[in-house]
Amino acid sequence: ATLTKSHRAETEALRARVEHLEASLEATKEQMHAALAAKQKHMDSVLAAKQREMEVARAAHATASANAAEKLMAVTKRISEFKALASRC
């Protein structure tokens, strides 16, 4: 009878330990999920900022290209004018 009581007590202690470990595991899982969600939110924010930077850079490049093309056309026109003037001489 004493052995059975001892086994019962041991079994109950082990059961309580398992329940504690399961609860601890569940809490750890929840913390990990929360940390992953926060990390994902941060990464999404970083990505959005980088995309905005790229859009600004792309727009600046397009403006610079347009300005360069405009200057090239002006220079080409001036060269044509000089050639026309030189051919009259």
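Scoring rules and cut-offs
- Residues numbered from 1 in each chain as written.
- Predicted model: local features only at pLDDT ≥ 70, side-chain atom pairs only at ≥ 80, totals over all residues.
- Heavy atoms only, no water.
- Helix = DSSP H or I, 4+ residues; strand = E, 2+ residues; numbered from the N terminus.
- Rg over C-alpha atoms; globule rule 2.2 N^0.38 Å.
- Buried < 20%, exposed > 50% of the residue type's maximum accessible area, 1.4 Å probe, protein only.
- Areas by Shrake-Rupley, 256 points an atom, 1.4 Å probe, with all protein chains shown as cover.
- Salt bridge = Lys/Arg side-chain N within 4 Å of Asp/Glu carboxyl O.

(A) Region of interest: the overall build of the protein chain. Each helix and strand in the protein chain was counted, giving 1 helix and 0 strands. The C-alpha atoms of the protein chain give 38 Å as radius of gyration, which overshoots the globular expectation for 89 residues (12 Å, by more than 25%). Dimensions of the protein chain, computed from C-alpha atoms along their principal axes, come out at roughly 130 × 15 × 5 Å. The proportion of buried residues among the 89 residues of the protein chain is 0%. Only carbon and sulfur atoms are counted for the fraction: they give 64% of the accessible area of the protein chain, which is about 8200 Å².

(B) Structural detail: the pattern of salt bridges. Taken as a whole and judged by the stated rule, the model has 3 salt bridges. A salt bridge links R15 to E12, with the nearest nitrogen and oxygen atoms 2.6 Å apart. Of the two residues, R15 and E12 are both situated in helix α1 (residues 2–88); the distance of 3 residues between them amounts to about one turn of the helix. Using a relative accessible area of 45% as the deciding quantity, one classes E12 as partly exposed. For K50, the salt bridge identified is with E53, shortest N-O distance 3.8 Å. Taken together, the residues K50 and E53, both in helix α1 and 3 residues apart, mark about one turn of the helix.

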